[in-house]
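What the coordinates show
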Amino acid sequence: MGAYIITGGRSLCGEISVQGSKNSSLPILASTLLNAGKNAIKDVPDLRDIKVMTDILNNLGAKATKKGNLLEVDSSGVDNWEVPEDMMREMRSSIVLMGALLGRFKKVRVSYPGGCEIGPRPIDLHLKGLALMGVVLKEKHGFIYAEAPVLKGADIHLDFPSVGATENLMMAGVLAEGKTIIRNAAKEPEIVDLQNFLNRMGAQIKGAGTDTIKINGCASCELKAVDDYTVIPDRIAAGTYLVAAAITRGQVTLKNVVREHMEPILAKLREMGCKLECGEDYIYLKADTDLKSLDSLRTLPYPGFPTDMQAPMMALLSTAEGTSILTETVFENRFKHAEELRRMGANITINGNTAIIKGVRKLTGAMVEAKDLRAGAALVVAALAAEGKTTVIGSGHVERGYEKLEENLLSIGAEIVKKD
Ligand code: EPZ
């Protein structure tokens, strides 16, 4: 599974160009199944999850090839609507293939994505919305068989603004007959990116970024391939690098960022005492004083504080002066990093979905284990500030979301080595 060996205690200082968004690239890649041409998508990060998605597309008959951060997908030869179970298990977010395959073939077979470290990952909202669109769902032997003799537009209200369900229903709506409305839709920037990509294909979608998305479906339309699209920067990778600079009381300039996407994170770093300067396409952070705790930090759907930044922020708050109260409202089981941070001397008490974090003067290096992607990121940033050496076991988890992590951290002064 690999490990990072980190010697902490140095203030980071330098500049990082942020990777393209993993959580934008994945649904956009799935949506290439809706057309039958040569798509070219730029700034796709070099990550295991992207590799899994391209393997799935190739398994379905597409020709997906990656040249650096350019991903080309020729979806003309797609002739299969059954996603291999082992590949589904590799990556839960492959569930967004449902909407795209239903749009193209009016049928799809997927397996349940299965729970993971951060919670059971149900898909009831996806399935309820698809059923309203005329999709007939059958489950047997762990597979979901979905078929829509006629895929029709529907007026759907999501019980929760689920990112994946919103993406699935957008993709299913594009080639459905009539209008689809998604109410209480997710408003994340990645939803807007998907809308922009689909509209470049010839879809007619508006409202992404608000809680109501309207799609004028066109059952007889031939959508065209998109031969030049650049995904948005990864706001979570960007936020993690800001936390890495802050926890080491250093400074960092980030390039390739969209300030608006970062505002929920910037507001909390500013509240802790970080100095921030933002330009058109850069964000500069300096943390040269002691940082203050946060009376309350609650993760919420966008534009609230992102759940994917909860773990790195717990690490940062562990070194701030005072007591912070952190509440995770999005996932049921996303505090696995707390026990590992305690091994490094953090003072964290978990009470249900709330963590009480009492800042300590210094963290100390230890042997710790990454249990999921963002928990691993939290342990890496904690190790950068800890006294002595830390071994973070499970670097494979972290590499799912962070492109060139050790290279980027080395470039701003960290002492980090990856061992396979
Ligand atoms: C996306 O996951 C992201 N993944 C997650 O990032 C992110 O944490 C999450 O959105 C929330 O922002 C990708 O985009 C690939 P949800 P998704 O559906 O779509 C419940 C990372 O670290 N729910 O918005 O799976 C669910 O259990 C990953 O990059 C249902 O109850 O998230 C959870 O509690 C982790 N029924 C909440 O909604 C459903 O049918 C949010 O889930 C669907 C979801």
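Just above sits the structure.
Quick caveat: nothing in here was measured; it's all calculated off a predicted structure.

Reading the values: rules and limits
Residues numbered from 1 in each chain as written. Predicted model: local features only at pLDDT ≥ 70, side-chain atom pairs only at ≥ 80, totals over all residues. Heavy atoms only, no water. Helix = DSSP H or I, 4+ residues; strand = E, 2+ residues; numbered from the N terminus. Rg over C-alpha atoms; globule rule 2.2 N^0.38 Å. Contact = heavy atoms within 4.5 Å. Lys, Arg positive; Asp, Glu negative; His and termini not counted. Charge placed at Lys NZ, Arg CZ, Asp CG, Glu CD. Buried < 20%, exposed > 50% of the residue type's maximum accessible area, 1.4 Å probe, protein only. Salt bridge = Lys/Arg side-chain N within 4 Å of Asp/Glu carboxyl O. Near = heavy atom within 4 Å. Polar contact = N/O pair within 3.5 Å; in protein donor to acceptor, adjacent residues only side chain to side chain. Areas by Shrake-Rupley, 256 points an atom, 1.4 Å probe, with all protein chains shown as cover. 1 Å grid on protein atoms, 1.4 Å probe; cavity = no way out; pocket = protein on both sides within 12 Å on 5 of 7 lines; lining within 4 Å. Sits in = over half its atoms within 2 Å of the grid points. Nonpolar A, V, L, I, M, F, W, Y, C, P; charged D, E, K, R; others polar. Domains from an automatic or database assignment. Points joined across faces, edges and corners; volume = space filled by probe spheres on them. Pairing = 2+ DSSP bridges. Axes fitted to C-alpha atoms, helices over the stretch in contact; angles between N-to-C directions. Disulfide = S-S within 2.5 Å.

Secondary structure summary: the protein contains 14 helices and 23 strands in total. Rg of the C-alpha trace for the protein: 21 Å, near the compact-globule value of 22 Å for 420 residues, within the 12% margin. When its C-alpha atoms are laid out on the principal axes, the protein stretches across 65 × 40 × 40 Å. In the protein, the proportion of contacts linking residues at least 24 apart, taken out of those at least 6 apart, comes to 73%. Computed over 51 positive and 52 negative side-chain charges, the inter-centroid distance for the protein is 2 Å.

Moving on, we come to the side chain of Glu 167. Relative to the helices and strands, Glu 167 is located in helix 6 (residues 163-174). The buried charged residue Glu 167 lacks any salt bridge, with Arg 235 as its nearest oppositely charged partner at 8.5 Å. Not counting chain neighbours up to four residues away, the residues in contact with Glu 167 comprise Asn 23, Pro 27, Val 96, Glu 190, Ile 191 and Leu 194.

This part takes up the site of the ligand. Around the ligand, 22 residues are found, and the nearest of them are Asp 124, Leu 125, Ser 162, Asp 308 and Val 330. Between Asp 124 and the ligand, the recorded distance is 2.7 Å, taken from a side-chain N or O atom to a nitrogen atom. Arg 334 is positioned with one of its side-chain polar atoms (N or O) 3.4 Å from an oxygen atom of the ligand. Protein chains shield 86% of the accessible area of the ligand, which is 820 Å² for the free molecule. With respect to the pocket detection grid, the ligand is positioned in the largest pocket. When residues of the shell around the ligand are traced back to their parent elements, those giving at least two are helix 1 (22-31), helix 5 (124-132), helix 6 and helix 12 (373-385). Residues belonging to the shell around the ligand are distributed by class as follows: nine nonpolar, six polar and seven charged. Residues lining the shell around the ligand come from more than one domain, with at least three contributed by each of domain 1 (3-19 + 233-419) and domain 2 (22-230).

A few words now on the layout of surface pockets. Size it by volume and the largest pocket reaches roughly 1,200 Å³. At the level of elements, helix 1, helix 5, helix 6, helix 8 (235-247) and helix 12 are the ones that each hand at least two residues to the lining of the largest pocket. Per element, the largest residue contribution to the lining of the largest pocket is four residues, and it comes from helix 1. Considered class by class, the residues forming the lining of the largest pocket number 23 nonpolar, eight polar and 18 charged. For the lining of the largest pocket, the two domains that each supply at least three residues are domain 1 (3-19 + 233-419) and domain 2 (22-230). Surrounding the second largest pocket, 18 residues form its lining, Ile 247, Arg 249, Thr 319, Arg 361 and Lys 362 being those nearest its centre. A breakdown of the residues in the lining of the second largest pocket according to their chemical character gives seven nonpolar, five polar and six charged.

A few words now on the sheet that holds strand 2 (residues 13-17). Pairing is mixed in the open sheet, where four strands are placed in the order 2-14-16-15. Of all strands in the sheet, those with a lone pairing partner are strand 2 and strand 15 (275-278), marking the two edges. Sheet twist, expressed as the mean angle between neighbouring strand axes with direction ignored, is 15°. With four bridges joining them, strand 15 and strand 16 (residues 282-286) adopt antiparallel strand pairing. Bridge pairing links Cys 278 to Ile 283 in strand 16. Along the sheet, helix 8 makes contact with strand 2, strand 14 (251-255) and strand 16, crossing strand 14 at roughly 165°. Across the sheet, helix 9 (residues 259-271) touches strand 15 and strand 16, and the angle it forms with strand 15 is around 165°.

It is worth spelling out the state of the cysteines at this point. Tallied over the full model, the rule gives one disulfide. A disulfide-free cysteine, Cys 274 has its sulfur positioned 12 Å from the sulfur of Cys 278, the nearest such atom. Note on Cys 274: relative accessible area 5%, which makes it buried.

The next point concerns the side chain of Ser 318. Position of Ser 318 relative to the elements: it lies in the loop between helix 10 (310-317) and strand 18 (323-328). With a relative accessible area of 0%, Ser 318 lands in the buried category. Not counting residues up to four positions away in its chain, the partners in contact with Ser 318 are Ala 346, Ile 348, Ile 357, Lys 358, Gly 359, Val 360 and Leu 363.

In this structure, the amide linkage connecting Tyr 302 to the following residue, Pro 303, adopts the cis form with an omega of 10°. Tracing the backbone shows Pro 303 in the loop between strand 17 (297-299) and helix 10. We note that Asn 256 has phi near 60°; this positive angle belongs to a residue other than glycine. Following the sequence through the fold, Asn 256 ends up in the loop between strand 14 and helix 9. We classify Asn 256 as partly exposed; its relative accessible area is 27%.

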